[in-house]
Amino acid sequence: MPENRRCRCGHDRNHPLVVRKNRYSKWGWFALLLGISANPILVQFACIRCGEVFDETNDPEELKKYIT
């Protein structure tokens, strides 16, 4: 389990004001455009109140949770 990082507002990745930003490879974007689920290569968590990107992961096991 990752450490519980927080933004300067004090929100962690499970707070309603925190959004997830998935990053994909070129092939991942191509798959998404065709309507196929793709694995992200990086997931970042950002607070919408302060705008800070305070946490990210590229761990393959954790990325499986964020397949779109």
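Okay, so let's go over this structure. Just so it is clear, the model here is predicted, and its values are computed rather than measured.

With respect to the helices and strands, the residue Phe45 is situated in strand β2 (residues 42-47). Residue Phe45 is classed as buried on the basis of its relative accessible area of 4%. Here the alpha-carbon distance between Phe45 and Leu34, two residues 11 residues apart in the chain, equals 26 Å. In this structure, Phe45 is in contact with Arg13, Val18, Val19, Arg20, Glu52, Val53, Phe54, Asp55 and Tyr66, ignoring residues within four places of it in sequence.

Throughout the structure, instances matching the rule amount to 3 aromatic pairs. Ring geometry for Tyr24 versus Trp29: centroids 5.3 Å apart, planes at 75 degrees, classification edge-to-face. An angle of 70 degrees between the planes, with centres 6.0 Å apart, marks the rings of Phe45 and Tyr66 as edge-to-face. On the criterion of sequence distance, the pair formed by Phe45 in strand β2 and Tyr66 in the segment after α2 (60-63) is long-range, its members being 21 residues apart. Comparing Phe45 with Tyr66 shows no difference in burial state: the two are buried.

Another aspect to go through is the sheet that holds β2. The sheet built from 3 strands is open, its strands ordered β1-β2-β3 with antiparallel pairing. Of all strands in the sheet, those with a lone pairing partner are β1 (18-23) and β3 (53-57), marking the two edges. Mean inter-strand twist for the sheet, computed between neighbouring axes without regard to direction, equals 25 degrees. In this structure, β2 lies alongside β3, joined through 4 bridges in antiparallel fashion. For Val43, the partnering residue across the bridge sits in β3 and is Thr57.

This paragraph deals with the side chain of His11. Topologically, His11 is positioned in the segment before β1. With relative accessibility at 7%, the residue His11 sits in the buried group.

Criteria and cut-off values
Residues numbered from 1 in each chain as written. Predicted model: local features only at pLDDT ≥ 70, side-chain atom pairs only at ≥ 80, totals over all residues. Heavy atoms only, no water. Helix = DSSP H or I, 4+ residues; strand = E, 2+ residues; numbered from the N terminus. Buried < 20%, exposed > 50% of the residue type's maximum accessible area, 1.4 Å probe, protein only. Contact = heavy atoms within 4.5 Å. Phe/Tyr/Trp six-rings, centres within 6.5 Å; stacked < 30°, edge-to-face > 60°. Pairing = 2+ DSSP bridges. Axes fitted to C-alpha atoms, helices over the stretch in contact; angles between N-to-C directions.

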